[in-house]
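Chain by chain, the residues run as shown.
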Amino acid sequence: MRIILHLDMDAFFASVEERDHPRLKGLPIVVGSDPAAGKGRGVVSTANYLARAYGIKSAMPISRAWDLSQQAKKAGKPEVAFMGGSYSQYAKVSREIFNYVATKGDAFEPASVDEAYLDVSSLGSYEAAKKLGSEIKDWVKQHQQLTCSVGIGPNKMIAKIAAGEDKPDGLTVVRDEAVQAFLDPKSVRELMGIGPKSEVQLNKLGIKTIRELRDQSKEFLIEHFGKHGEGMYRQARGISDSPVDATWEAKSVGRHYTFDVDTLDGSQMMPVLRDMAKEIAAEVVRDKKWFRTVVFTARFSNFQTQTRSHTLDTPAQDPGTLETEGLKLLLPFLDSRENPKRLKLRLIGLRAEKFVEQQKTIKKKEAQQPGLF
Ligand code: TTP
Ligand code: MG
């Protein structure tokens, strides 16, 4: 039995902005190009659900979004907060979520910056898959303060449509026997590869719902849509057997930990570092990889964040190397070498990266490399 899980972040870019800027909390938000007081020429990337209630959506001209916001303002509602977008931040959040989700199934395939498929067939039951779905949602909430929607079904197509069924913050399971009843009342537009043009063509033929599409013969659909018609015929029956492409690889595996109370006490950090090293190594071993670089992150009580890294001569995959190298990078943060003001630390992080497929010695190039978290 195949069971596929699809994850889609809710109002992704806008939700990240809302999380990262407390002043935006509870406001309608649009991420996109500059509205320039209604004269802007770009488009909306996305709108959060409050802004969607004003009629604003992805790909709409930003000037139209501005007008809708002004109308709402006249009606006494809050104006939209227009944000330019911090794409490297969205990519980072996406990577952190994908790095985690990828460890939870048999194969993992990102479909876009905020959507991914996970093959969870080996869990063996929809109950177990549903439990994992809610675990993933909880993790995303706890670690990223964001919500996502999860869909679970017998193939990628059903899982994806299921993820969109109960947005935001949804979890929808469609078992094999429920597939047809789930699909039938939906618009043909929900199917993969049916865009606005095919939709218009289908509508002209009197076909609006998947049920109506299913009533057509394969010959009829091929006659009107060529090869694409055959895909429509299959999809209308919930048939889709494209595999979850497992070629994606995590670029780094890391953990971080925030102390309950800021500290400079090394003895409190050691066990945390050791646990992180164990967890990271387990993941690296499971993926049959070796890491070359160990990265340590320190966030001070004033939120200033620094990273230090060390590249090994010989790639490793054991927790001991991670712990020792992590410790060597950590210690200077406890004294004047990296911490002249002796600020306490609120968070430490450890990360393995620069993966290789086998353990051969590589000439050392860079040793210490400061960077951003
Ligand atoms: P989507 O998943 O389509 O949208 P979303 O996450 O904002 O909202 P939903 O809750 O409905 O899933 O796209 C993910 C991100 O991709 C979105 O936050 C912004 C970006 N995007 C664009 O930049 N332009 C677009 O036209 C679309 C559709 C998305
Ligand atoms: Mg989304």
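Bear in mind the structure is a predicted one, so any value in this text is a computation, not a measurement.

The rules behind these values
Residues numbered from 1 in each chain as written. Chains lettered and ligands numbered in written order. Predicted model: local features only at pLDDT ≥ 70, side-chain atom pairs only at ≥ 80, totals over all residues. Heavy atoms only, no water. Donors = N, O, S within 2.8 Å, 3.2 Å for Na, K, Ca; no water. Tetrahedral: all angles 85-135°; square planar, octahedral: opposite > 155°, others 65-115°. Buried < 20%, exposed > 50% of the residue type's maximum accessible area, 1.4 Å probe, protein only. Near = heavy atom within 4 Å. Polar contact = N/O pair within 3.5 Å; in protein donor to acceptor, adjacent residues only side chain to side chain. Areas by Shrake-Rupley, 256 points an atom, 1.4 Å probe, with all protein chains shown as cover. Helix = DSSP H or I, 4+ residues; strand = E, 2+ residues; numbered from the N terminus. Nonpolar A, V, L, I, M, F, W, Y, C, P; charged D, E, K, R; others polar. Domains from an automatic or database assignment. Phe/Tyr/Trp six-rings, centres within 6.5 Å; stacked < 30°, edge-to-face > 60°. Lys NZ or Arg CZ within 6 Å of the ring centre and 35° of its normal. Contact = heavy atoms within 4.5 Å. Buried area = accessible area lost by both parts, 1.4 Å probe. Salt bridge = Lys/Arg side-chain N within 4 Å of Asp/Glu carboxyl O. Axes fitted to C-alpha atoms, helices over the stretch in contact; angles between N-to-C directions. Parallel < 35°, antiparallel > 145°, perpendicular 65-115°, else oblique. Left-handed = near helix turned anticlockwise from the far one by under 90°. Pairing = 2+ DSSP bridges. 1 Å grid on protein atoms, 1.4 Å probe; cavity = no way out; pocket = protein on both sides within 12 Å on 5 of 7 lines; lining within 4 Å. Points joined across faces, edges and corners; volume = space filled by probe spheres on them.

This part is about the coordination of the magnesium ion (ligand 2). Surrounding the magnesium ion (ligand 2) are the protein donor atoms Asp8 (OD), Met9 (O) and Asp114 (OD), at 2.1 to 2.2 Å. Considering all six donor atoms around the magnesium ion (ligand 2), the spread of angles at the metal, 83 to 177°, places the coordination shape in the octahedral class. Here the donor residues of the magnesium ion (ligand 2) share one chain and are spaced in sequence as D-M-x104-D. Overall, the relative accessible area of 14% leaves Asp8 in the buried class. With relative accessibility at 4%, the residue Met9 sits in the buried group.

For ligand 1, the set of nearby residues contains 13 residues, the closest of which are Ala11, Thr46, Tyr49, Arg52 and Asp114. Within the contact set of ligand 1, an oxygen atom lies 3.2 Å away from a side-chain nitrogen or oxygen of Asp8. Note that an oxygen atom of ligand 1 is positioned 2.7 Å from one of the side-chain N or O atoms of Arg52. Considered on its own, ligand 1 offers 550 Å² of accessible surface; in the complex 70% of this is hidden by protein. Taken together, the elements giving at least two residues each to the shell around ligand 1 come down to β1 (4–9), α1 (12–20), β3 (44–47) and α2 (49–52). Classifying every residue of the shell around ligand 1 gives five nonpolar, three polar and five charged. In this structure, the shell around ligand 1 is formed jointly by two domains, domain 1 (4–11 + 87–175) and domain 2 (14–83), each of which donates at least three residues.

Looking now at the packing of aromatic side chains. Under the defined criterion, the tally for this structure stands at twelve aromatic pairs. Judged by centre distance (5.8 Å) and plane angle (55°), the ring pair of Phe12 and Phe13 falls under tilted. Just as Phe12 is buried, Phe13 falls in that class too. For the pair Phe98 and Phe108, a centre-to-centre distance of 5.4 Å together with 65° between the ring planes defines the contact as edge-to-face. With Phe98 in helix α4 (residues 87–101) and Phe108 in strand β5 (residues 107–112), the pair connects residues that are ten residues apart, well separated along the chain. Assessed through its relative accessible area of 4%, Phe108 is described here as buried. Here the aromatic residues Phe12, Phe13, Tyr87 and Tyr90 are joined through ring pairs into a cluster of three or more. Above the face of the Tyr117 ring, Lys156 is positioned so that its terminal group lies 5.0 Å from the ring centre. Between the NZ or CZ atom of Lys289 and the centre of the ring of Phe355, over which it lies, the distance is 4.7 Å.

In this section: the domain arrangement of the chain. By a widely used convention, the size of an interface equals the accessible area lost when the partners come together. You can read the domains of the chain as domain 1 (4–11 + 87–175), domain 2 (14–83), domain 3 (184–235) and domain 4 (252–368). Its C-alpha centre places domain 1 at a distance of 27 Å from the equivalent point of domain 3. On the domain 3 side, the residues contacting the six residues of domain 1 number five residues. The contact between domain 1 and domain 3 buries some 430 Å² in all, and 71% of this surface belongs to carbon and sulfur atoms. Across the domain 1-domain 3 interface, the total number found is one salt bridge. Notably, a salt bridge pairs Lys186 with Glu165, separated by 2.6 Å at the nearest N-O pair. At the surface where domain 1 touches domain 3, the tally comes to one residue pair in polar contact (both at pLDDT 80 or more). No other element matches the four residues that helix α6 (residues 156–163) contributes to the side of domain 1 that touches domain 3. For the side of domain 1 that touches domain 3, a count of residues per class yields three nonpolar, no polar and three charged.

Let us look at the packing of helix α10 (residues 218–225) against helix α11 (residues 227–236). At a minimum axis distance of 6 Å, the contact between α10 and α11 shows a crossing angle of 140°. Between α10 and α11, the interaxial angle falls into the category oblique. Crossing hand, α10 versus α11: right-handed. Two secondary-structure elements touch here, α10 through Lys218, Leu221, Ile222 and Phe225 and α11 through Lys227, His228, Gly229, Glu230, Met232 and Tyr233. Classifying every residue of the contact of α10 with α11 gives five nonpolar, two polar and three charged.

Extensive coverage of strand β12 (residues 345–356) is indicated by the burial of nine of its twelve residues. Strand direction decides the pairing type here: strand β9 (residues 252–263) and β12, joined by eight bridges, are antiparallel. Across the sheet, Tyr257 pairs through a bridge with Ile348, a residue of β12.

This paragraph deals with the layout of surface pockets. Empty space left among the atoms is revealed by rolling a probe the size of a water molecule over them. Its volume calculated, the second largest pocket comes out at about 360 Å³. Along its surface, the second largest pocket is lined by 18 residues, and Ala102, Ala246, Trp248, Arg286 and Asp287 are the ones closest to its centre. At the level of elements, β5 and α12 (266–286) are the ones that each hand at least two residues to the lining of the second largest pocket. Split into classes, the residues belonging to the lining of the second largest pocket amount to seven nonpolar, three polar and eight charged. Two domains each provide a minimum of three residues to the lining of the second largest pocket, namely domain 1 (4–11 + 87–175) and domain 4 (252–368).

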